[in-house]
Amino acid sequence: MDRVVTPSTLTGMAPDRDGVSAALARGVRTFDGCAFDDLDLSRLDLQDCSFIRCTFGGTVLFACKLGRTVWLRCRAGGADFEAVDAVDAQFDGCDLNNTKWRRARLASVRFANCKLTGASLEETAHLGATFEESLLVGADLRGFSFKSATLKQLDFSDAYLAGCDFRDAVFEGGSLRNAVLKQAKFAGADLRSVNLEGLKLSEAGLFKGAVISHGQAAAFLGELGVIVA
């Protein structure tokens, strides 16, 4: 890759950990088209950095400071974000499949148009975190709070949502197909436009107080062998 360096931007490079540290020391805060695959970047201070079209496949970012970072169209499949501090970070159009976020600080983080299939987000501090038009298929979000949130086109198919709080949330499309919903809360939630395929009758009590469509109600009754005319 051709090397392009400006006072604040590093473009088209594949630096090692020392190279990243040296770039930060020079004042570089934007990384464009750089490859960080399989590096151990644990505990680096990357606050206020922007990553554009960068790759982080298998990268270890354990306990990194990622506050106010911007990630645009990055590919980070399998990366380890455990215990990062990513308050106010923004991820847009990123591949974050099978990433690990255990014990991360994700307050006010925004994920938009991201792929988070198989991601593990349990035990995170996530007050104010938002997701929009993203894939969360098979993701582990146990205990996550979406209370009063507007959930736009989120695919939770096969996700582990045990103990999640969806009270008063509004679903705009998306799917809960075959999701694990043990002890989840849906009181006051608007579920009329979400795919509820695979919901078990034993889970129907979780939706007490939620708003569903006539079609969804008919499907529930159909499970009991009742025909809605």
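Cut-offs applied
Residues numbered from 1 in each chain as written. Predicted model: local features only at pLDDT ≥ 70, side-chain atom pairs only at ≥ 80, totals over all residues. Heavy atoms only, no water. Helix = DSSP H or I, 4+ residues; strand = E, 2+ residues; numbered from the N terminus. Buried < 20%, exposed > 50% of the residue type's maximum accessible area, 1.4 Å probe, protein only. Contact = heavy atoms within 4.5 Å. Areas by Shrake-Rupley, 256 points an atom, 1.4 Å probe, with all protein chains shown as cover. Lys, Arg positive; Asp, Glu negative; His and termini not counted. Charge placed at Lys NZ, Arg CZ, Asp CG, Glu CD. Arc of directions from axis to C-beta. Polar contact = N/O pair within 3.5 Å; in protein donor to acceptor, adjacent residues only side chain to side chain. Core = buried A, V, L, I, M, F, W, Y, C linked by side-chain atoms within 4.5 Å. 1 Å grid on protein atoms, 1.4 Å probe; cavity = no way out; pocket = protein on both sides within 12 Å on 5 of 7 lines; lining within 4 Å. Points joined across faces, edges and corners; volume = space filled by probe spheres on them. Nonpolar A, V, L, I, M, F, W, Y, C, P; charged D, E, K, R; others polar. Disulfide = S-S within 2.5 Å. Salt bridge = Lys/Arg side-chain N within 4 Å of Asp/Glu carboxyl O.

### As for the overall build of the chain
Turning to step 1, where the next piece is worked out: From N to C terminus, the chain includes two helices and ten strands.
Turning to step 2, where the next piece is worked out: Reading the chain from its N end, one meets helices and strands in the order β-β-α-β-β-β-β-β-β-β-β-α.
Turning to step 3, where the next piece is worked out: For the C-alpha atoms alone, the extent of the chain along its principal axes is close to 70 × 30 × 25 Å.
Turning to step 4, where the next piece is worked out: The buried share of the chain, taken over its 229 residues, is 42%.
Turning to step 5, where the next piece is worked out: The long-range fraction of contacts in the chain, counting pairs at least 24 apart against all pairs at least 6 apart in sequence, stands at 3%.
Turning to step 6, where the next piece is worked out: Of the roughly 10800 Å² of accessible surface on the chain, 50% is carried by carbon and sulfur atoms.
Turning to step 7, where the next piece is worked out: Distance from the positive charge centre (26 side chains) to the negative charge centre (29 side chains) of the chain: 3 Å.

### Considerations on helix α1 (residues 17-25)
Turning to step 1, where the next piece is worked out: Val20, Ala23 and Leu24 are the residues of α1 that are buried. Down the axis of α1, the buried side of the element spans an arc of 100 degrees, and every buried residue falls inside it. Those residues of α1 that are exposed and angled more than 90 degrees off the buried face are Asp18 and Ala25.
Turning to step 2, where the next piece is worked out: On its buried face, α1 is in contact with β2 (9-11) and β3 (30-32).
Turning to step 3, where the next piece is worked out: The backbone nitrogen of Asp18 lies 3.3 Å from a side-chain oxygen of the residue at the head of α1, namely Asp16.
Turning to step 4, where the next piece is worked out: Where α1 ends, the next residue or the one after it, Gly27, has phi of about 95 degrees, a positive value.

### So, the nonpolar core
Turning to step 1, where the next piece is worked out: With 67 residues, the main nonpolar core has Phe31, Trp101, Phe156 and Phe186 as its most contacted residues.
Turning to step 2, where the next piece is worked out: Ranked by the residues each element gives to this core, the list is headed by α1, at three residues.
Turning to step 3, where the next piece is worked out: In this structure, Phe31 is in contact with Leu10, Ala23, Leu24, Phe36, Cys49, Ser50, Phe51, Ile52 and Cys54, ignoring residues within four places of it in sequence.

### Regarding empty space enclosed by the protein
Turning to step 1, where the next piece is worked out: Overall, the coordinates contain one cavity of 30 Å³ or more when judged by the stated rule.
Turning to step 2, where the next piece is worked out: The computed volume of the largest cavity comes to approximately 40 Å³.
Turning to step 3, where the next piece is worked out: Residue composition of the lining of the largest cavity, by class: six nonpolar, two polar and one charged.

### Some remarks on the state of the cysteines
Turning to step 1, where the next piece is worked out: Taken as a whole, this structure holds zero disulfides when the rule is applied.
Turning to step 2, where the next piece is worked out: The structure places no disulfide on Cys164, whose sulfur is separated from the nearest cysteine sulfur, that of Cys114, by 18 Å.

### Focus on the environment of Asp158
Turning to step 1, where the next piece is worked out: The topology assignment puts Asp158 in the loop between β9 (150-152) and β10 (170-172).
Turning to step 2, where the next piece is worked out: C-alpha separation for the pair Asp158 and Val211, spaced 53 residues apart in sequence, amounts to 22 Å.

### Considerations on the pattern of salt bridges
Turning to step 1, where the next piece is worked out: For the coordinates displayed, the defined rule picks out eleven salt bridges.
Turning to step 2, where the next piece is worked out: Between Arg68 and Asp48 there is a salt bridge; the shortest N-O distance is 2.7 Å. Within this pair, whereas Arg68 is found in the loop between β4 (50-52) and β5 (70-72), its partner Asp48 is found in the loop between β3 and β4, the two being separated by 20 residues in sequence.
Turning to step 3, where the next piece is worked out: A relative accessible area of 41% places Asp48 in the partly exposed class.
Turning to step 4, where the next piece is worked out: Residue Lys152 pairs with Glu133 through a salt bridge whose shortest N-O separation is 3.6 Å. Remark: Glu133 occurs in the loop between β8 (130-132) and β9 and Lys152 occurs in strand β9; sequence separation between them is 19 residues.
Turning to step 5, where the next piece is worked out: On the basis of relative accessibility, which here comes to 33%, the residue Lys152 falls in the partly exposed class.
Turning to step 6, where the next piece is worked out: Looking at Glu133, the relative accessible area reads 32%, which means it is partly exposed.
Turning to step 7, where the next piece is worked out: Through salt bridges with shared partners, a single ionic network connects Glu82, Arg102, Arg103 and Glu123.

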